[in-house]
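Here is how the chains run, residue by residue.
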Amino acid sequence: MRKIFIIISLLIAITLFAEFPDGNELIRKVDDNMYSKNAVSTSRMIVHGRRGSRTMEIKSWAEGENRSFSEYLSPPRDAGTKMLKLEDKLWIYNPSSDRTIQISGHMLRQSMMGSDLSYEDMMEENELIKIYNAEVTEEEIINERDCWIVLLTAKVEDAAYQTKKVWIDKERYLPLREERFGKSGKLLKTTEIKEVFRIGKRWYPKNMVFKDVLKKGKGTEFIIDSIEFDVEIPESRFSKAALRK
Amino acid sequence: MIFKLAMKNILGAGFRTWLNIFILSLSYFAIIALQGFYVGWQDDASREMKNWDFAGGQYWQENYDPYDPFTLEDSHAAIPKDLQKLIAEGEAIPILFSPATIYPDGRMRNIVLKGIDPNQNLIELPTKYLADHDEEIYCIIGSGFAYNLNIKEGDYIVLRWRDKNGTYDARDIKVAHIFSTTVLTVESNQIWIPLLILQEMLGHPNEATIITIKDEMYSKEFSGWQYRDLDFLLLDLTNLIQVKTVGSSVMYAILLFLAMIAIFDTQILAIFRRRKEMGTMMAMGMTRPKIIQLFTLEGVLHAVLAIFMGAIYGIPLLRHFEKVGMKFGADAKDWGLSGLDDALYPVYGWKLVVGTIILVLITTTIVSFLPTRKIAKLKPTDALRGKMTK
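Each value, and the rule that gives it
Each residue is numbered by its place in its chain's sequence as written, counting from 1. All chains are assigned letters beginning with A, and all ligands numbers beginning with 1, in the order in which they are written. Local features in a predicted model are, by the rule used here, given only for residues with pLDDT of at least 70; side-chain atom pairs are given and counted only at 80 or more, and totals for whole chains, interfaces and linings are based on all residues. By definition, any uninterrupted DSSP run of H or I lasting at least four residues is a helix, any uninterrupted run of E lasting at least two residues is a strand, and each is numbered from the N terminus. Here the globule rule is a power law, 2.2 Å times the number of residues to the power 0.38, and the radius of gyration is based on C-alpha atoms. Three exposure classes are used, based on other C-beta atoms lying within 10 Å of a residue's own C-beta, which is placed from the backbone: buried for 20 or more, exposed for 12 or fewer, and partly exposed in between. It is the C-beta atoms, placed from the backbone, that decide contacts: two residues are in contact if theirs lie within 7 Å. For helices, the fitted line uses only the C-alpha atoms of the stretch in contact; every axis is such a line through C-alpha atoms, and the angle between N-to-C directions lies from 0 to 180 degrees. For classification purposes, an angle smaller than 35 degrees is called roughly parallel, one larger than 145 roughly antiparallel, one from 65 to 115 roughly perpendicular, and anything else oblique. Helix crossings get a hand from a simple test, with the near helix turned counterclockwise from the far one by less than a right angle marking a left-handed crossing and a clockwise turn marking a right-handed one. Each residue is assigned to one class: nonpolar for Ala, Val, Leu, Ile, Met, Phe, Trp, Tyr, Cys and Pro, charged for Asp, Glu, Lys and Arg, and polar for all the others, Gly among them. Multiply 1.5 Å by the residue count of a helix minus one, and that product is the helix's expected span. It is the directions from the helix axis to the C-beta atoms whose arc is reported. The split of the chain into domains comes from an automatic or database domain assignment. Put simply, a nonpolar core is buried Ala, Val, Leu, Ile, Met, Phe, Trp, Tyr and Cys residues tied into one set by C-beta atoms within 7 Å. Two strands pair under a simple rule: DSSP has to find at least two bridges between them. pLDDT is a residue-level measure of predictor confidence that goes from 0 to 100.

What follows deals with the overall build of chain B. Along chain B, the regular secondary structure elements total 11 helices and 13 strands. The C-alpha atoms of chain B give a radius of gyration of 31 Å, which is well past the 21 Å a tight globule of 390 residues would have. In terms of principal-axis extent, the alpha carbons of chain B reach across some 100 × 45 × 30 Å. Per-residue burial over chain B gives 37% buried out of 390 residues. Of the contacts made within chain B by residues no fewer than 6 positions apart, 79% connect residues no fewer than 24 positions apart.

This is the structure we're talking about:
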């Protein structure tokens, strides 16, 4: 009787496990959906602080994971601020002081323009498959969408987050929610996608909220107003000279 | 005889003499009092800095630069074997630094996280509060920093850091003790936790950023480490006090200048009004150098009498300052100066007192002598008629 029970339990477990797709295959599909050769976008970043909210309009140019350039268009206080990321280096140009500074060390941990994102978050490598091993653990409905819950465990030593939990839309291969954990398992940051849109074959986040859970506040909202993939970006865009133009 | 005569002359001048003496005595008092505070501050600050931070000197990992926070992440290395022996004997303590972030009351703040042996006795940091806690990480924080963060003993703070590979981690740490010190280098924007825990958190076993030693070891050199002696470690304080002293010497100069103008005026006036007296003295056989000596001595006696007058009101006042110190209305720690507590206690060494007296006496002698040069050309006949020889 006991043997039969164990066999039935094992069969149920194997059947349930078999229903889950391969995690690594899943995140490869997510990477394929999310990342393109290059992209040009206009977006808004809304920082919800203690004393109200602040909206910044940003135009960004990105090529792969290692090169990006962004310019703040508004509000007037931040307009003209530019950021250049080349590999693991980041420079910021401040128009009021007409100076370019390289952000490194301690400063990378600071909040980017008062948001819940640090400069380090911006520098992080984005393609999941390069950094993580994935395992599908559960399924759940998020925003009326069927999702796989995928546990990502770092396979490289220098991953910023040891583990991540990602809710991936079963059909669109888009992460609708993400939780980032420290080595000891403490939840550090969350990302929630509130609205998505379709561009060609891709599904892309339209409105997402980043939250540093250790900090008080409602987080930072990021709204993509327009985005174009695989467009021609001149080489000069990713140069330090472009910061002062 | 000259001394008696000079004394008789200046006392005879009455109120004018006493006014000059008072002004001069104020100069003595101000110089000694202010310098005493600076000496007291330097003594206090260097003693406290040795007790709380530097001990007998420090070895710094070669990348460490306290003025460049960007160097912190790379400022760690294995502890040299010779120093490990000293550490085992309690003659040295390794300290590891790391940049980290805390979230007191949900606010983000970048800090320097420092790891130290809880059982150390070399410096006065109350590290015993860090010892023996199974699951939790206990920390100690300086009172000024704790006040800024609005945290109390027993509170928990979220600490976030990155290990040697750049991977984030975070833990709640408990504030085991809030210590009070005047040494800002151990309290400002920093949190202390046990060394072994920090080494484990960062993945830097048996490594340190600085090694504080009990006794100075000028001869020992270790590859990758630089020895910093007390002269070097206290250089900032010495320079700061030197700058302050130079700044305050402007005030001494003004006070001395006022007193010297009074002496100079008195001398000029005396030589002008006492021409007939000088003629009589010459007629009675007194030589010109003797007369110059007399008039110069009269000027110098002002400074001598000022010493006594200054002593009458100065000694009780300076003693009073020595006992109660000079109280600061605001929290002096907020001024960002090490060694300043709620009160500053002056130190008056004999060098300071004798040095000030010599300075004032020499200045007074010169100022008293200058107007008397005219006497050297004075003819007795002109003097007796009340004329100055041109």
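Right, let's talk about the overall build of chain A for a bit. The helix and strand tally for chain A stands at 5 helices and 13 strands. Counting only C-alpha atoms and orienting by the principal axes, one finds that chain A spans roughly 80 × 40 × 35 Å. Relative to its 245 residues, chain A shows a buried fraction of 29%. Of the contacts made within chain A by residues no fewer than 6 positions apart, 43% connect residues no fewer than 24 positions apart.

Residues and elements named next belong to chain B. Between helix 7 (residues 235-273) and helix 10 (residues 350-372), the least distance of the axes is 9 Å, while the angle of their chain directions is 30°. In terms of their interaxial angle, helix 7 and helix 10 are classed as roughly parallel. Viewed along their axes, helix 7 and helix 10 form a crossing whose handedness is right-handed. Facing helix 7, whose interface residues are Leu256, Met260, Ile263, Phe264, Gln267, Ile268 and Ile271, helix 10 presents Thr363, Thr364, Val367, Ser368, Pro371 and Thr372. Here the residues of the contact of helix 7 with helix 10 sort into 8 nonpolar, 5 polar and no charged.

A few words on helix 2 (residues 23-34) of chain A. Residues and elements named next belong to chain A. Along its 12 residues, helix 2 runs 16 Å from first to last C-alpha, staying within 8% of the 16 Å computed at 1.5 Å per residue. Looking only at helix 2, the buried set comprises Gly23, Leu26, Ile27 and Val30. Relative to the axis of helix 2, the buried residues are bounded by an arc of 90° and lie together on one face. Check the buried side of helix 2 and you find it contacts helix 4 (128-131), strand 7 (132-142), strand 8 (145-154), strand 9 (163-169) and strand 10 (175-181).

Attention now goes to the domain arrangement of chain B. Looking at chain B, the domain boundaries give domain 1 (2-50 + 236-384) and domain 2 (57-215). Averaged C-alpha coordinates put domain 1 of chain B and domain 2 of chain B at centres separated by 51 Å.

Next up on the list: the interface of chain A and chain B. Taken residue by residue, the interface counts 20 residues in chain A and 18 residues in chain B. For the side of chain A that touches chain B, the residue count by class is 5 nonpolar, 8 polar and 7 charged.

With that out of the way, let us pick up the environment of Ser111 of chain A. With respect to the element layout, Ser111 of chain A can be found in the loop between strand 6 (99-103) and helix 3 (119-123). Placed 66 residues apart in sequence, Ser111 of chain A and Arg177 of chain A show a C-alpha to C-alpha distance of 21 Å.

Residue and element names in this part refer to chain B. Considering the arrangement of structural elements, one finds Asn121 in the loop between strand 4 (109-116) and strand 5 (137-142). The class of Asn121 is exposed, set by 11 C-beta atoms lying within 10 Å. Each C-alpha atom, one on Asn121 and one on Ala33, is 36 Å from the other, the two residues being 88 residues apart in sequence.

Right, let's get into the nonpolar core. By size, the foremost hydrophobic cluster in this structure holds 87 residues, and its most contacted members are Val150 of chain A together with Cys139 of chain B. When residues of this core are assigned to domains, at least three fall in each of domain 1 (2-50 + 236-384) and domain 2 (57-215) of chain B. Ignoring sequence-local partners within four residues, the contact set of Cys139 of chain B consists of Ile173, Lys174, Val175, Ala176, Ile191, Trp192 and Ile193 of chain B. Ranked by size, the runner-up nonpolar core spans 30 residues in total, among them Ile32, Leu256, Leu294 and Phe295 of chain B.

The next thing to look at is the pairing of strand 7 (residues 168-179) of chain B. All names here are of chain B. Sheet topology note: the strand 5/strand 7 ladder contains 6 bridges and is parallel. Each residue of the ladder has a partner; that of Cys139, found in strand 7, is Val175. Two elements, strand 6 (residues 156-162) and strand 7, share 7 bridges in a ladder whose sense is antiparallel. Paired with Val158 across the bridge in strand 7 is Asp172. What sits between strand 6 and strand 7 in their antiparallel hairpin is a turn of 5 residues, with Gly166 showing a positive phi close to 90°.

Before going further, it helps to examine unusual backbone geometry. Cis geometry marks the peptide bond from Ser74 of chain A to Pro75 of chain A, where omega comes out at 0°. The topology assignment puts Pro75 of chain A in the loop between strand 3 (67-74) and strand 4 (82-86). Phi at Asp98 of chain A is positive, roughly 50°, even though this residue is not glycine. Summarising the element assignment, Asp98 of chain A is placed in the loop between strand 5 (89-94) and strand 6. Of note in the backbone geometry, Asp105 of chain B takes a positive phi value of approximately 55° without being a glycine. In this structure, Asp105 of chain B sits in the loop between strand 3 (92-102) and strand 4.

All names here are of chain B. Running from amino to carboxyl end, helix 2 (residues 15-54) crosses helix 7 at an angle of 175°, the nearest separation of the two axes being 9 Å. It follows from the interaxial angle that helix 2 and helix 7 lie roughly antiparallel. Here the residues of the contact of helix 2 with helix 7 sort into 20 nonpolar, 7 polar and 2 charged.

We now examine the confidence of the model for chain B. When pLDDT is averaged across chain B, the result is 86; 94% of the residues are at 70 or more. Predicted as a complex, the structure gets a pTM of 0.78 and an ipTM equal to 0.81.

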